[in-house]
Amino acid sequence: MCGRMTVHGAKNAVLPMLAASVLTPAPVTVRDCPHITDVEDMLGVLRALGVEVTVTDREITVTGSPACTDIPPGLAGGMRSSVFMLGALLSRCGEVELASPGGCRIGARPLDIHFDGLERMGVRVECGDGRILCTADRLHGADIVLRYPSVGATENLVMAAVCAEGVTRIIGAAREPEIVSLVRLLRKMGADIAGEGSPVVTVRGVDELDGASATPSPDRIVAGTVMAAVAVCGGRVELSGADSSDMGAVISPFLGAHTFLIEHGGAITFESDGMLSPTDVCTGPYPLFPTDMQAPFMACQCFAAGMSSMRETVFEDRFAHVAELRRMGARIAVAGNTAFVDGSGGMRGSVIAASDLRGGAGLAVAALGAEGESILSGTVYIDRGYEDMAKMFSSLGGKISRRRV
Ligand code: EPZ
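If you're wondering where the values come from, they're calculated on a predicted model, not measured in any experiment.

1. Some thoughts on the pairing of strand β13 (residues 235-240)
- Taken together, the five bridges between strand β1 (residues 2-6) and β13 define a ladder with parallel strand orientation. Each residue of the ladder has a partner; that of C2, found in β13, is R236.
- Relative to strand β15 (residues 267-272), β13 runs antiparallel, the two sharing six bridges. Bridge assignment links L239 to a residue of β15, and that residue is I268.

2. Remarks on the sheet that holds strand β17 (residues 307-311)
- Strand order across the open sheet formed by four strands is β16-β17-β19-β18, with mixed pairing between neighbours. Of all strands in the sheet, those bounded by a partner on one side alone are β16 (280-282) and β18 (331-335). For this sheet the average axis-to-axis angle between neighbouring strands, irrespective of direction, equals 15 degrees.
- In the packing of helix α10 (residues 294-301) onto the sheet, contacts are made with β16, β17, β18 and β19 (338-342), and the angle to β17 comes to roughly 170 degrees.

3. A short note on the side chain of R318
- Tracing the backbone through its elements, the reader meets R318 in the loop between β17 and α11 (320-327).
- Since its relative accessible area comes to 7%, R318 is described here as buried.
- In terms of polar contacts, R318 uses its side chain to reach the side chain of D292, at 2.8 Å.

4. Observations concerning the environment of L49
- By the element assignment, L49 lies in helix α2 (residues 37-49).
- Residue classification places L49 among the buried residues on the basis of a relative accessible area of 0%.
- Taking the C-alpha atoms as reference, L49 lies 41 Å from L325; in sequence the two are 276 residues apart.
- Sequence-distant contacts of L49, defined by excluding residues within four places in its chain, comprise P66, A67, C68, T69, D70, I71, M85 and L89.

5. Details of the domain arrangement of the chain
- For the chain, the assigned domains read domain 1 (8-204) and domain 2 (220-394).
- At the interface, 24 residues of domain 1 touch 21 residues of domain 2.
- The contact between domain 1 and domain 2 buries some 1,900 Å² in all, and 50% of this surface belongs to carbon and sulfur atoms.
- Where domain 1 packs against domain 2, one counts three salt bridges.
- Between R220 and E178 there is a salt bridge, with its nearest N and O atoms 2.8 Å apart.
- Every element with two or more residues in the side of domain 1 that touches domain 2 is listed here: α1 (11-20), α2 and α7 (177-188).
- Residues of the side of domain 1 that touches domain 2, tallied by class, amount to ten nonpolar, six polar and eight charged.

6. A few points about the sheet that holds strand β2 (residues 28-30)
- Pairing within the open sheet is mixed, and its four strands lie in the order β3-β4-β2-β12. A strand with exactly one partner marks an edge of an open sheet, and here the two such strands are β3 (52-56) and β12 (212-214). Strand-to-strand twist in this sheet, taken as the mean axis angle between neighbours without regard to direction, amounts to 15 degrees.
- Two elements, β3 and strand β4 (residues 59-63), share five bridges in a ladder whose sense is antiparallel. Within β4, the residue paired with T56 across the bridge is E59.
- Each of β2, β4 and β12 touches α1; the most contacted strand, β2, lies at about 170 degrees to it.

7. Section: the pattern of salt bridges
- Under the criterion given, the structure shown has 17 salt bridges.
- Residues R147 and D112 are paired through a salt bridge, measuring 2.8 Å at the closest nitrogen-oxygen approach. Of this pair, R147 sits in the loop between β8 (143-145) and α6 (151-161) while D112 is found in helix α5 (residues 112-120), placing the two residues 35 residues apart along the sequence.
- We classify R147 as exposed; its relative accessible area is 62%.
- Among the salt bridges present, the one from R236 reaches E271, with a minimum N-O distance of 2.6 Å. Taken together, the positions of R236 in strand β13 and E271 in strand β15 put the pair 35 residues apart, joining distant regions of the chain.
- Owing to a relative accessible area of 38%, R236 belongs among the partly exposed residues under this scheme.
- Look at E271 and you get partly exposed, because its relative accessible area is 29%.
- Overlapping salt bridges, with partners in common, bring together K11, D38 and R384 in one network.

Reading the values: the criteria
Residues numbered from 1 in each chain as written. Predicted model: local features only at pLDDT ≥ 70, side-chain atom pairs only at ≥ 80, totals over all residues. Heavy atoms only, no water. Pairing = 2+ DSSP bridges. Helix = DSSP H or I, 4+ residues; strand = E, 2+ residues; numbered from the N terminus. Axes fitted to C-alpha atoms, helices over the stretch in contact; angles between N-to-C directions. Contact = heavy atoms within 4.5 Å. Buried < 20%, exposed > 50% of the residue type's maximum accessible area, 1.4 Å probe, protein only. Polar contact = N/O pair within 3.5 Å; in protein donor to acceptor, adjacent residues only side chain to side chain. Domains from an automatic or database assignment. Buried area = accessible area lost by both parts, 1.4 Å probe. Salt bridge = Lys/Arg side-chain N within 4 Å of Asp/Glu carboxyl O. Nonpolar A, V, L, I, M, F, W, Y, C, P; charged D, E, K, R; others polar.

This is the structure:
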């Protein structure tokens, strides 16, 4: 693989930033948005709520006030991102109703941390018949301790707190760079927030927010996925726009005797001879190795001669790609939340199927490095988080094409 690509705004920053747009009727613009279906779905949710959405290539502007607070089941059921509407709509309208959110099938994905925090702020939460109804006469500040640094719950609680009465402290908050992007936008809108990116986030409620525009952090998972493809194929790729300051944990497992990485002027250049060393990796909340890189990096481990391990601590059921990698000849044993990968057997093309977004990305990486042709189905999952992955990898020299069936 050889070439250069631009890393655009992170899906997991753009989605909550778009949700934040309903906190004010004034225009809110999010720049450098990726062309992916999760963003399209989020725009569908916003339009269904009655706000005006304008898209100019990668720049999205949302204006107006929600005419309703009931997110249509057909939309919310399609992805978990609709959960981010909880905090924003409660802050703006005092109520929200949505279907129990969908998203990738990577575990139970409960919402107790969201609800516990919202209830401490005065929200009444009623669940039943696959619907969630949240109402609040007046949101008030509270001290909220998260039992786990949930990304979505941190984002929802921050958005619920920005115009609440008094001060909200979120203790044990998630620290992901995507949350920092959200807070940067909220601050530009007039919110009074401190501590983003640290375990304690403090929000002082203000009377109202105004319009603003902001650019999300670059997608560190897309950048890491391309690095995984370079690692298994060999080659050298420049990732323009990638921010190495956010990517420490993503980059570190790739570094070794057979790879080379330099950071230069807002870009990362990554080179590999395709001969990977075995590694032991454990996922965790930021700043640890991100769970969204688990499948793409496990694909790399399938090519590393020797025994590697991958421990998944964030989601309880995120190994669906293991069975598909085994169809390609991977020697993987799973014990509890840990996969042991013997990469000495080589990988061969096969007919494989994606069943979630990042698992699909991992399978694409494995197929790029395997001997022979693979047929990968389930691209609908991959399209949620990657812009035309086949075009992206083929532009870098990968032997991959997409066939509409
Ligand atoms: C966000 O999901 C991301 N999605 C996920 O990316 C990412 O994998 C995840 O954070 C972890 O980094 C978006 O930002 C749109 P969590 P989120 O709440 O907020 C449990 C991708 O591929 N939990 O941090 O849903 C939960 O079950 C997606 O881009 C509760 O138990 O993740 C999980 O085990 C996949 N109760 C763990 O916490 C709750 O109320 C982390 O979940 C909330 C979460």
